[in-house]
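# Residue-level structural notes
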Amino acid sequence: MIDFHTHPVMIKELVHDDPALQCAVREVFQLYFPAQPLEVFLAEMDEAGVERAVLLPLDCSTAHGCCIVSNEQVAELAGKNGRFVGFASVDPAARDAPRQLEKAIRGLGLKGLKLDPALQRFHLDDRKLAWPLYQVCAELGVPVLVHCGMSWSLAGQAKYARPLALEEVAQEFPRLRIVIAHFGWPWVEEALLVALKYRNVYLDTSIVYSGTPADALRHVLAERIGLDVLERSLQRQVLFGSNYPRADIRRTARGIAALPLSPTLRERLTRTNAEELL
């Protein structure tokens, strides 16, 4: 399995080397439990049957004056352990954001872009701030993963994160692969609309809102969308993502395992689609 949605925010080795990171994680990302050694992250991946994990940093320099794990830190983790795939993050409001992104992809070897409009405080269809970053990703052939829907952080504002804002992006950049995180919950129908209409749009399963991951996955995938829709129309556009450490990778994997998916869809959701994107 490949976990397409993890945040390396509670790794003890990173916090030890960068004390400001712990403050950013608590005050902006709003996770409060103690940082754990990297080996704990790897052990949880092992127990969940996850071979590789995409690491997602977040540059909130303009909105909150911090980076929640830097591109350099992610590149270092990915360089030390081949089980990690690093994505970049840049602040869309930074004047040199496109140059920073190109440097992170070409220079640091990162494999995609993470954006969180709720925390970074920008509109996904902003032609001045967001368009240049989409253009760089399209030119370099790397995907962009976009937080959509509810932000658990009190510093986040969900009004910036509606999936329907990505329709114009998908039209304007047909070669850009766009991953809508969290199935866009609670705007699941918007996310579904965009993915059904545009084959360059993907959806990840990092759905966290109430109850267990299994509860959330069953409600959204089986009840609101319908597994038949996934089977018929979205086999090549769904990705396993846990949202670790907000959600336990093992519990999310068990939630997916509990769904009556066909072997073909299960393989594509848990591995093949991610391999093709990466």
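Structural data are supplied above this passage.
What comes next is a walk through the structure. (Residues numbered from 1 in each chain as written. Predicted model: local features only at pLDDT ≥ 70, side-chain atom pairs only at ≥ 80, totals over all residues. Heavy atoms only, no water.)

For the rest of this paragraph, the subject is the nonpolar core. Of all hydrophobic cores here, the largest spans 91 residues; its most connected members are Phe41, Ile68, Tyr134 and Leu221. In terms of residue count, the dominant contributor to this core is helix α8 (residues 131-140) (6 residues). The contact partners of Leu221, leaving out residues within four places of it in the chain, are Phe183, Ile207, Gly226, Leu227, Leu230, Ile256 and Leu259. The next biggest cluster of nonpolar side chains, apart from the first, holds 13 residues, and it includes Ile2, Leu56, Leu239 and Leu277. (Core = buried A, V, L, I, M, F, W, Y, C linked by side-chain atoms within 4.5 Å. Buried < 20%, exposed > 50% of the residue type's maximum accessible area, 1.4 Å probe, protein only. Helix = DSSP H or I, 4+ residues; strand = E, 2+ residues; numbered from the N terminus. Contact = heavy atoms within 4.5 Å.)

Angle between the axes and distance between the axes: these two values describe a pair of packed helices. Running from N to C, helix α11 (residues 213-225) and helix α13 (residues 249-257) cross one another at 40°; their axes reach a closest spacing of 8 Å. Of the possible angle classes, the one that applies to α11 and α13 is oblique. Crossing handedness for the pair α11 and α13: right-handed. Every residue of α13 that contacts α11 at Pro213, Ala214, Leu217 and Leu221 is listed here: Arg251, Thr252, Gly255 and Ile256. When the residues that make up the contact of α11 with α13 are grouped by side-chain class, the tally is 5 nonpolar, 2 polar and 1 charged. (Axes fitted to C-alpha atoms, helices over the stretch in contact; angles between N-to-C directions. Parallel < 35°, antiparallel > 145°, perpendicular 65-115°, else oblique. Left-handed = near helix turned anticlockwise from the far one by under 90°. Nonpolar A, V, L, I, M, F, W, Y, C, P; charged D, E, K, R; others polar.)

Let's shift gears to the sheet that holds strand β6 (residues 113-115). With parallel pairing, 5 strands are arranged side by side in an open sheet as β6-β7-β8-β9-β10. The strands lining the two open edges of the sheet, one partner per strand, are β6 and β10 (238-239). Examined bridge by bridge, strand β8 (residues 178-180) and strand β9 (residues 201-204) share 3 bridges and lie parallel to one another. Each bridged residue has a counterpart across the sheet, and for Ile178 the counterpart in β9 is Val201. Sheet strands touched by helix α10 (residues 188-197): β8 and β9. Its angle to β9, the strand with the most contacts, is close to 140°. (Pairing = 2+ DSSP bridges.)

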